[in-house]
Every structure is written in C-alpha cells, then in structure tokens.
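# Coordinate inspection notes
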Amino acid sequence: MTAPKPRIFSGIQPSGELHIGNYLGAVKQWVALQDQYECFFCIVDLHAITQPFEPAEMPMQIFDMALTLVAAGLDPERCTIFVQSNVPEHSELAWVFNTVTPLGELERMTQYKDKAARQESVLAGLLNYPVLQAADILLYHAVAVPVGEDQVQHVELTREIARKWNSRFGEYFPEPQAIVGKVRRVLGLDGQAKMSKSIGNTIGVLETADEIWEKIRVALTDPARKRRSDPGNPNVCNIFSLHRHFSSEDDVAWAEQGCRSAGIGCIECKRRLAENIVEALRPIRERALALKEQPDYVVEVLRSGAERAHSVAAQTMTEVRRRMGLRRGAELAEAEAE
Ligand code: AMP
Ligand code: TRP
C-alpha cells in the first residue's frame, strides 16, 4: 500500500464571481496540487455572511462558485469540493477554538482592521472570522494551505490556535503551513488596491471578450504618460503587470520596450493584453458553459463532497469532545463507570 498523501485545505467565499486575483493567487495552485495532495476545497458560506449579503442570492452564488471551480480545473474525481455550512462540525470546532483564542490576536489581524474600519458597527462575526478559518483547516488535519498572500496571517493564527489547544488538551492538531505561489497579490484594475470583489476592480474569469475589453480599456496606466509620444514606465503600470501574468515572453518584451520608447500607445498595449486574457481564460469559459447544461452534476459534486468531508470532520469532533470531557448519552455513563 502506498503511504497516504498529505492533506491540504483551502477555502473561497461565494460572495461574487471568481476573479483573476483569486484564480492566479489561489485556484490555479489548487488545480496544480491535486495530484500531490489529498485536497479539500471549501466554499465558505459561513465566512461570506460576515459581510452584508442577500439571502435570496446565496444559493445561486454557491452553485456558480462550485461550477466555476470545476470549470477552472478542480477535478471532483481527485479532490473534495464542498460547502462549509453543509458540514456543521465547522461551526462547532470554531466555537471550541473561540475558547482558546486570545482576543488581542484577533484584534491585530490586518483583514479585520481593514474591514472594521469601513463599517459603522463592527459585528463579532467579523472579529471571529479567523477562528472559523482555523476550524476549517484543522478539522481535516491539513498540513498545508494554498492561499494568496493576504491570508498568510490567518494561517499563522491557525498555527497558534493549534498550539494553544494542543497544550491544554494534548497533541492532536498539526501546525499547517501556508503555500503562497509565485503570484502573491494581483492588483485591481484601479492599480491602487488588491483585486477584490468588494472594491469592484475585478475581471471575472467567466467574463466575455467584450466585457473584458471594456474594463481594460478604461483601466489606469502610468499616470506620467499623458500623450502618445511620452515614454512610459512599465514598472508603475498595472497593465504591464497583467501582461506578465497573461502574455507570452515575446509580448511582455514588446510591451516593455514599446512603452519605454513610446513606440506603442497604451491602447495598443491594452488591446494585446485583453486578447491574451481572453485566450487564457477561454478553456475555463467553455467548460463553464458546458457545465451550465448539467446542473445536476454540479449538485452531485457538492453532495458527495459534503458526505466525504463530513466523514472526516465527524471523527475529528468526536476526538475533540472526548479530550475536552464533552461526552454524549451513553458516553457519560461510561465516564461515570471509569
Ligand atoms: P476570497 O475571494 O477572499 O475568498 O479569496 C479566495 C482566495 O483568493 C484566497 O486564497 C485569497 O488569498 C486569494 N486572493 C483573493 N484576492 C487576491 C488577489 N487580489 N491577489 C492574489 N490572491 C488573491
Ligand atoms: N478567509 C479566506 C479568504 O477570504 C477564505 C477561507 C476560509 C480559507 N476558510 C479558509 C482559506 C481555510 C484557506 C483555508 O480568502
């Protein structure tokens, strides 16, 4: 028998479409890691509800995210794809971890500080968000977590929560490592902040050629390059950084030299980029269109994924309860007899 593969876990919120920041920062790595690891990929609806949301839209958003992940290359034969709220142990372990997590650690999380600063009244769920994330990861004893750079701090906190719980109740949880790929952080089309649905500076992986062009056409370039005859600086141009992600070496060199020498105009440079993005995303879009004709298949992927995830999560929670003296029914009588 071959040794079992090490496990990885990662999650994505169903709030909005999969964008090229998620794709390059996280999902592309997930696709690549499927053979090396036993993989659990989770659509984290319980995390999504820490932000304003519309209940009537949630089921469709979850479904669309599942469909897009499969279209992007997650293979349900080789990995487990499921919805967080379908496995109630996530919430239960999160509560347990709340009892070993120092408040100060949560208050210093960058994502919390950013999001809290944008809200008038800050809800406890936003603060406790990384505790639920730790529960997600540790329920499966995942040793590695492939994410974009913005999530590294949460994985570090997960390690600390594992240490705290282990030191009180005995060695049980591993300390997972974040795996951050080459593309650590994709900037948004505004060129100011990371690409993020909540800022509205995204390109969705399923957008049409026209939609992509309309967004690229008006995106910011080097602000110092005002006229076609001004030479530009590719290093401060977000269009150029996107060329690096989506264009061939030849096209990257063409854009770099053309910009520096004012040999090409921004519009030309943007046209080439838009074409290359459309080409790179074409297979995902085509698979998504085909999957839209088979909704039952996507539903079945999530059903069997939840079943598989639940079988692992339930075992972990039984052991957690046992170690914490939280026994049920007949187990209470057994403890009495011991
Ligand atoms: P989210 O959409 O916040 O659930 O993020 C899902 C995954 O995509 C996480 O691993 C994030 O780190 C990653 N991610 C989100 N936005 C970006 C970005 N602009 N650049 C790189 N990675 C990102
Ligand atoms: N917080 C992550 C994000 O916004 C999503 C997430 C939830 C996650 N649980 C996770 C990522 C567990 C990795 C592991 O991107």
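Here, every reference points to the structure presented above.
A brief report on the enclosed structure follows. (Residues numbered from 1 in each chain as written. Chains lettered and ligands numbered in written order. Predicted model: local features only at pLDDT ≥ 70, side-chain atom pairs only at ≥ 80, totals over all residues. Heavy atoms only, no water.)

### Brief notes about the site of ligand 2
Around ligand 2, 13 residues are found, and the nearest of them are Gln-13, Tyr-129, Gln-133, Asp-136 and Gln-151. Between ligand 2 and Gln-133 there is a distance of 2.9 Å, counted from a nitrogen atom to a side-chain nitrogen or oxygen. For ligand 2, whose free accessible area comes to 370 Å², the fraction covered by protein is 90%. When contributions to the shell around ligand 2 are tallied by element, the ones reaching two or more residues are strand 1 (7-12) and helix 7 (124-139). No other element matches helix 7, which puts four residues into the shell around ligand 2. Of the residues contributing to the shell around ligand 2, the split by class is six nonpolar, six polar and one charged. (Near = heavy atom within 4 Å. Polar contact = N/O pair within 3.5 Å; in protein donor to acceptor, adjacent residues only side chain to side chain. Areas by Shrake-Rupley, 256 points an atom, 1.4 Å probe, with all protein chains shown as cover. Helix = DSSP H or I, 4+ residues; strand = E, 2+ residues; numbered from the N terminus. Nonpolar A, V, L, I, M, F, W, Y, C, P; charged D, E, K, R; others polar.)

### Remarks on empty space enclosed by the protein
Gaps between atoms show up when a probe of the same size as a water molecule is rolled over them. Evaluation of the coordinates by the stated rule reveals two cavities of 30 Å³ or more. Of the voids in this model, the largest cavity is the one considered here, and its volume is about 90 Å³. Together, 13 residues line the largest cavity, and Arg-225, Cys-237, Cys-259, Cys-266 and Cys-269 are the ones closest to its centre. Put simply, the parts of the chain that give the lining of the largest cavity at least two residues each are helix 10 (238-246), helix 11 (249-260) and helix 12 (266-292). Of the residues contributing to the lining of the largest cavity, the split by class is nine nonpolar, two polar and two charged. In this structure, the second largest cavity occupies an estimated 30 Å³ of space. Considering the residues around the second largest cavity, the lining is formed by Gln-111, Tyr-112, Leu-126, Tyr-129, Pro-130 and His-154. Secondary-structure elements contributing two or more residues to the lining of the second largest cavity are helix 6 (110-117) and helix 7. Element by element, the count of residues in the lining of the second largest cavity is highest for helix 7, at three residues. (1 Å grid on protein atoms, 1.4 Å probe; cavity = no way out; pocket = protein on both sides within 12 Å on 5 of 7 lines; lining within 4 Å. Points joined across faces, edges and corners; volume = space filled by probe spheres on them.)

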